[in-house]
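# Observations on the three-dimensional arrangement
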Protein chains: 2
Amino acid sequence: MASRTTVLAGGIGAARFLEGLVRVVAADTVTVIGNTGDDLELHGLTVCPDLDTVTYTLAGLADPARGWGQANESFHTLDALRRFSKETWFQLGDRDLATHLFRTSLLRRGFPLSEVTRRVSRSLGVESTILPMSDHPVRTWLETDSGRLDFQTYFVKNGAKPVVRAVEFVGADQAAPASGVLEAIAQADAVIVAPSNPIISVGPIFAVPGIREALRKTAAPVLAVSPIVGGRAVKGPAAEMMTSLGYDASALAVASLYKDFLNVFVLDEADRESSAAVEELGMRAVVCPTLMTGMPQKEALAHTVMEALVS
Amino acid sequence: MASRTTVLAGGIGAARFLEGLVRVVAADTVTVIGNTGDDLELHGLTVCPDLDTVTYTLAGLADPARGWGQANESFHTLDALRRFSKETWFQLGDRDLATHLFRTSLLRRGFPLSEVTRRVSRSLGVESTILPMSDHPVRTWLETDSGRLDFQTYFVKNGAKPVVRAVEFVGADQAAPASGVLEAIAQADAVIVAPSNPIISVGPIFAVPGIREALRKTAAPVLAVSPIVGGRAVKGPAAEMMTSLGYDASALAVASLYKDFLNVFVLDEADRESSAAVEELGMRAVVCPTLMTGMPQKEALAHTVMEALVS
């Protein structure tokens, strides 16, 4: 029987990791639990940027350079929306819009987000299972030196520049894991936390009651890949955010945030000197190249990860 | 004081007439009362094809040849929607979608369609006032030899080919004229029924209680331009529909349908022999070229109409 791999995923870092993973294990044995804290309502549409980044990437539709949206995308609707609205700072592509229209239409008809996400991903030919962390809305809000901002206002409209003082996952305490999420963790043969921002990409997933506990309890080995390399985030504001929230911006600090459930931590060669300290946290440290600059690097990282999980 | 002109309008025929009219009278003295019986819900969006045809035409955005939608339109979202849905027979352009997103978003926030239509038209630079016939949904359904069909299924999906046996305006008996509609008829200096299908373009407007009565009562002269020329509709299925519903497909039959409120009927030179019969209905007949093949013809028709209304 093919072993089952469950991946907790944020946006682009996770998507790149998954691109390699589904070349190393069968795509249909992979279940992704995605962050929905970044979701937003725009022009009446429910937009799920992280779920879509993962979906488009696994469907082979993603823009390879940009890290969001679809390749060969156009923005005619958005251009026309500028006649009507000033709220056009979020880049909604014409092809991307079809996803949001389909999703919003199904949500309004009463389908839970997990079922909607299943239909979206299947329609686009994705063989892996993509689950939202919850069917209930959870929204990431940030206390910053520019005021209290919802995630996309902070991230897109303000270019992730405000200094983050606190993070809140509104609705999380009322949320339940989406159908299939706890089972995917409990019944997996391996669980992976993708190289995503631990605060605002993985953080919302853990804010849903029951998910972190399921990671602690699962019989499967749990591995994380560090999103911090040499004190910097590969992409995005993770390092600055960790610093302003009182953590070190380091691979070791990420391992420390996950130490209650983690069995294996994969850190980059640039952070080799931290591996002893990581192991002192009670987990195995695996040092390898983690920068996913191309498909060979993505596949190599996935190979290393899968080997570490069975050894 | 500039005189005020109110125009009852369907889709493309009305839009072409209005294009000429606003070159003959000041655009901001014109109020359009538009048909919403053709409206539909698509992918969760409220689409108002006749209102939009009028709006895009008066905004100078309309596709000159096609009779619907915007010029230089693309269909990337619709193409992408085909991955998700089989209901992609209605041509939704990328630029057009912005209008539907804006409109639907405002409707969901509780704004009446008349206010939404005002914002749409103002945002696109339209100086005339465009009013929907009602803020309440009225939907045109047709009994045909292919079954009971909503208007767009009959018109677009089935190419207006089914034989129409009966017409129903669902919701009309519960609908009220939109704010401003009765006033625009009562306080106008001239009222014009545009050259639109009397059954399914003007018919829904008259199905809203109070509108036809307001036309009978207004002190303003009421004029209609025949949409039927030489026994044929200039565009669309009006002639076939009139025949299958038991009317003659003739200009005279249109005048007869409007005889309770009409003072002047404008018919094409091709129908000159009907002018005596039209006048026997108790109205003045004006014969002139009515085919709006280009802007000079549109302007000439508008001139003739405005002269007939003051003489």
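Residues numbered from 1 in each chain as written. Chains lettered and ligands numbered in written order. Predicted model: local features only at pLDDT ≥ 70, side-chain atom pairs only at ≥ 80, totals over all residues. Heavy atoms only, no water.

## A look at the overall build of chain A
Tallying secondary structure elements over chain A gives 13 helices and 14 strands in all. Rg of the C-alpha trace for chain A: 18 Å, near the compact-globule value of 19 Å for 311 residues, within the 12% margin. With respect to the principal axes defined by its C-alpha atoms, chain A has extents near 60 × 50 × 40 Å. By residue count, 57% of the 311 residues in chain A fall in the buried class. (Helix = DSSP H or I, 4+ residues; strand = E, 2+ residues; numbered from the N terminus. Rg over C-alpha atoms; globule rule 2.2 N^0.38 Å. Buried < 20%, exposed > 50% of the residue type's maximum accessible area, 1.4 Å probe, protein only.)

## Observations concerning the interface of chain A and chain B
By a widely used convention, the size of an interface equals the accessible area lost when the partners come together. Counting residues at the interface gives 24 residues for chain A and 24 residues for chain B. Carbon and sulfur atoms make up 69% of the surface buried where chain A meets chain B, a total of about 2200 Å² over both sides. Counting the surface chain A buries against chain B, the share from its top three residues, Arg83, Phe84 and Leu101 of chain A, is 31%. Where chain A touches chain B, the interface holds zero salt bridges. Along the contact surface separating chain A from chain B lie six residue pairs in polar contact (both at pLDDT 80 or more). Looking at the side of chain A that touches chain B, the elements that each hand over two or more residues are α3 (76-81), α4 (94-108) and α5 (113-123) of chain A. (Contact = heavy atoms within 4.5 Å. Buried area = accessible area lost by both parts, 1.4 Å probe. Salt bridge = Lys/Arg side-chain N within 4 Å of Asp/Glu carboxyl O. Polar contact = N/O pair within 3.5 Å; in protein donor to acceptor, adjacent residues only side chain to side chain.)

## A closer look at the relation of the copies chain A and chain B
When chain A is brought onto chain B, the operation consists of a screw motion whose angular component is 180° and whose axial shift is 0.0 Å, with 0.0 Å RMSD remaining. Each copy turns onto its partner about a two-fold axis. Every residue of chain A has its C-alpha some distance from the rotation axis, and the shortest such distance is that of Asp94 of chain A, at 3.3 Å. Both copies share a contact surface, since 100% of the interface residues of chain A are interface residues in chain B too. (Least-squares fit on C-alpha atoms with pLDDT ≥ 70 in both.)

## Considerations on the environment of Ala71 of chain A
Residue and element names in this part refer to chain A. Looking at where Ala71 falls in the secondary structure, it is placed in the loop between α2 (49-58) and α3. With relative accessibility at 25%, the residue Ala71 sits in the partly exposed group. As for Ala71 and Tyr56, which are separated by 15 residues in sequence, their C-alpha atoms are 9.2 Å apart. Not counting the four nearest positions on each side in its chain, Ala71 is found in contact with Leu61, Ala62, Asp63, Pro64 and Arg95.

## As for the confidence of the model for chain A
For chain A, the mean per-residue pLDDT works out to 95, and 99% of the residues sit at or above 70. Both scores are available for the predicted complex, with the pTM at 0.92 and the ipTM at 0.90. (pLDDT = per-residue confidence, 0-100.)

## Quick notes on the pairing of strand β7 (residues 147-150) of chain B
Residue and element names in this part refer to chain B. Sheet topology note: the strand β6 (residues 139-144)/β7 ladder contains four bridges and is antiparallel. Within the sheet, the bridge partner assigned to Glu143 lies in β7 and is Arg148. Between β6 and β7, which follow one another and run antiparallel, lie two residues. (Pairing = 2+ DSSP bridges.)

## Comments concerning the packing of aromatic side chains
Summed over all chains, the structure comprises 16 aromatic pairs over all chains. A ring pair is formed by Phe206 of chain A and Phe261 of chain A, whose centres lie 5.1 Å apart and whose planes are at 55°; its orientation type is tilted. One end of the pair, Phe206 of chain A, is in helix α8 (residues 203-207); the other, Phe261 of chain A, is in the loop between α11 (251-257) and β13 (264-268), and 55 residues separate them in sequence. The pair Phe206 of chain A / Phe261 of chain A is uniform in exposure class, with both members buried. Taking the centre distance of 6.2 Å and the plane angle of 75° together, the rings of Trp89 of chain B and Phe90 of chain B count as edge-to-face. Here Phe90 of chain B falls in the buried class, since its relative accessible area comes to 11%. Every member of this aromatic cluster is reached through a ring pair, and the members are Phe151, Tyr154 and Phe155 of chain A. Taking NZ or CZ as reference, Arg66 of chain B lies 4.1 Å from the ring centre of Trp68 of chain B, over its face. (Phe/Tyr/Trp six-rings, centres within 6.5 Å; stacked < 30°, edge-to-face > 60°. Lys NZ or Arg CZ within 6 Å of the ring centre and 35° of its normal.)

## Points about the sheet that holds strand β10 (residues 222-225) of chain A
Each strand in a sheet pairs with another by means of backbone hydrogen bonds, the pair being arranged parallel or else antiparallel. All names here are of chain A. In space, the seven strands of this open sheet follow the order β5-β2-β1-β9-β10-β13-β14, with parallel pairing throughout. If you trace the sheet from one side to the other, it starts and ends with β5 (129-132) and β14 (284-288), each paired once. Neighbour-to-neighbour, the strand axes of the sheet open up by a mean angle of 20°, direction not taken into account. Pairing analysis gives three bridges linking strand β9 (residues 190-193) to β10, with the strands arranged parallel. By the bridge assignment, Ile192 is partnered in β10 with Leu223. (Axes fitted to C-alpha atoms, helices over the stretch in contact; angles between N-to-C directions.)

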